[in-house]
Structure formats: structure tokens, C-alpha cells
Amino acid sequence: MTPLIRIALVLVAIATALAVSCLVKTTALSMTFFFSISLPAYGLAAILYIVEVIRDLRHHRVL
Amino acid sequence: MTSRLKIVLLFVILIVPAVLSAITAKVSFSRAERVEFCGSCHTMTPWINDVTGADGDSLAHEHFARRLIQHDQCYTCHSNYGFLGPLEAKIKGVRHVIAFYIGDHGKVELYGKFPNANCLQCHAEGKAFLEDSNHEPVADLLSGKDLCVDCHDTMHNVEQEEDAAADGKTNGGHEEDKGGEHGKADDDAEDGE
């Protein structure tokens, strides 16, 4: 597993913890955490994953 | 990486987060309209107590106690009536949270005048509203030239309770007579029915 994927997984874990806490008990604070931390973290993790996929495809000379 | 791991990562990093985000956003936006959500900030406790308490003489309490608004009472009055009203309410809510956590603990008040449209979304076509001579000329209320809150000014009774508590201390604990305010609140409630 590459460093980029590891970082992506850590981001997903943090974001998921905050999203679940918002689902379990929706308060102003948990909702703020979800929208200001979870969503950007998910987005960043997705970008890292896509970058890694493109790198992998280039490595195998598909792209 | 094996092909199996790639598929697992696709689900863990892309698909599950997308589904979880959509569910959380939908559920939290829906829950954010409830009175309990507004009360999740301790700053709002006096207002929530005023609205949901057993005794109250404010317009908000009357609307809640008589169930003139069935659900989401805070949200119904405080999100502006119109296409972007709910979005503006959520942006203002975020401003509230930011203001609180950067240490601005000043007086809690509305950002602007309470718009007539928020009252008139229910009352505009009501018989009690249209037939009350105090509302004439109705066109001025409908256009926003006259404000509902200019007369119906006891929307919440939080400041008055604080004043009463302060007076109670200075007057040896005697509760201030608020009969005049009760009378006004009753008039307000009757207008709403």
C-alpha cells in the first residue's frame, strides 16, 4: 500500500468518525464538524485515490 | 496492489464516503429544523425555555403551546420565507457557531429586522388578520412598509425575564407584576388564531 493510499485511509477514518457522530447525535457542533472537516477530508481522500490510480495506470503504461 | 485490494479501496475511499455523506447531509439538515437542535447550543437555552416552558407570555410561547405551528417551530419563524430562505438560515446558523467559538459572546439578537413575510406566510389570508382593524391598512403590512414586530414586540420574553430576575434581587425577591405584558401576549395570541 502506497503512502498516498495510507493518507487517504486516515482521512476517510477521521471523516467517517465525525459523520457517524453527526448521524448519532445531530448538534450544531457535530454538524459543523461534518460539513467543515468530514466533507473536505472525503474530497481530499478521493483526490489522493484518483492520483494513485492514475499513477498506477501510468506505471503499467495504460495511460 | 492486488485487484481485490483495488476494488476494496474503491468502495472504502469513494463509494462508502459518498453514500455516507449524502445520508448524513440529508438527515442532519432535516434534524437541524427541530427545536431540539436549536437547543443543542447552550446559548439558546433561555429562548428554548421561553418557547417550550410551562409558563410563558411571549408570542413564540403562544405559538408553541397552542401548536399554532405543528413542527419545527424555531425554523418556521426564523428561516425567511422564499426560495433562498432555508439556505440563508443555514448560513446564518454557521455564522452563529463561528461567532460563538471565536469568543464573540455578545447579546443574542437578529441580524436584521424580522421580516413580515415570516408572519404573513401563515397569517396573510387569515380571517382574524384581515378583519382586525389594527392591521389597517393591510397593504402596508403586506408590502413591508409597516412591520408586524412594531406592535407584536414580545416575540420572546428572555430579556424581560432577565430584567425581572434582576429586579427581583433588588426588590427583595418579589416578582415583578407583568400583567400588562400578559394582556399584550394574549392579544397577540388571539391575532394568531
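Residues numbered from 1 in each chain as written. Chains lettered and ligands numbered in written order. Predicted model: local features only at pLDDT ≥ 70, side-chain atom pairs only at ≥ 80, totals over all residues.

Caption draft 1: Seen up close, the interface of chain A and chain B. On the side of chain B, 19 residues touch chain A, which itself brings 20 residues to the contact. Among the secondary structure elements, those contributing two or more residues to the side of chain A that touches chain B are helix H1 (3-24) and helix H2 (28-59) of chain A. With nine residues, H2(A) is the single largest residue contributor to the side of chain A that touches chain B. (Contact = placed C-beta atoms within 7 Å. Helix = DSSP H or I, 4+ residues; strand = E, 2+ residues; numbered from the N terminus.)

Caption draft 2: Summary view of the packing of H1(A) against helix H1 (residues 3-31) of chain B. Here H1(A) crosses H1(B) at 25°, and the two axes come no closer than 10 Å. Viewed along their axes, H1(A) and H1(B) adopt a mutual orientation that is roughly parallel. Where H1(A) crosses over H1(B), the two elements pack in a sense that is left-handed. Across the interface between the two elements, Ile5(A), Ala8(A), Val12(A), Ala15(A), Thr16(A), Ala19(A), Cys22(A) and Leu23(A) of H1(A) pack against Leu9(B), Val12(B), Ile13(B), Pro17(B), Leu20(B), Ser21(B), Thr24(B), Val27(B) and Ser28(B) of H1(B). (Axes fitted to C-alpha atoms, helices over the stretch in contact; angles between N-to-C directions. Parallel < 35°, antiparallel > 145°, perpendicular 65-115°, else oblique. Left-handed = near helix turned anticlockwise from the far one by under 90°.)

Caption draft 3: Molecular detail of unusual backbone geometry. Residue and element names in this part refer to chain B. Residue Glu136 is joined to Pro137 through a cis peptide bond whose omega torsion reads -5°. As for its position among the elements, Pro137 is in the loop between helix H8 (127-131) and helix H9 (138-143). Even without being a glycine, Arg67 presents a positive backbone phi close to 55°. Structurally, Arg67 is set in the loop between helix H4 (59-65) and helix H5 (73-78). Non-glycine residue Asp72 carries a positive phi angle of around 50°. Among the structural elements, Asp72 can be located in the loop between H4 and H5.

Caption draft 4: Focus on the nonpolar core. Ranked by size, the top nonpolar core spans 28 residues in total, and within it Ala8(A), Leu11(A), Val12(A), Ala15(A), Ala45(A) and Tyr49(A) carry the most contacts. Of all the secondary structure elements, the ones that give two or more residues to this core are H1 and H2 of chain A together with helix H2 (35-38), helix H3 (45-52), H4 and H5 of chain B. Aside from chain neighbours lying at most four places away, what touches Leu11(A) is Ala41(A), Leu44(A) and Ala45(A). (Core = buried A, V, L, I, M, F, W, Y, C linked by C-beta atoms within 7 Å. Buried ≥ 20, exposed ≤ 12 C-beta atoms within 10 Å, placed from the backbone.)

Caption draft 5: Representation of the confidence of the model for chain B in the model. Residue and element names in this part refer to chain B. In the predicted model, chain B carries a mean pLDDT of 78, and 81% of its residues have values of at least 70. Summarising per-element confidence for chain B, the mean pLDDT is lowest in helix H12 (residues 179-192) (38) and highest in H1 (93). pLDDT under 50 marks residues 163-193. Its contacts with residues more than four places away, or in other chains, come to 32 contacts. The ipTM for the predicted assembly is 0.93, set against a pTM of 0.71. (pLDDT = per-residue confidence, 0-100.)

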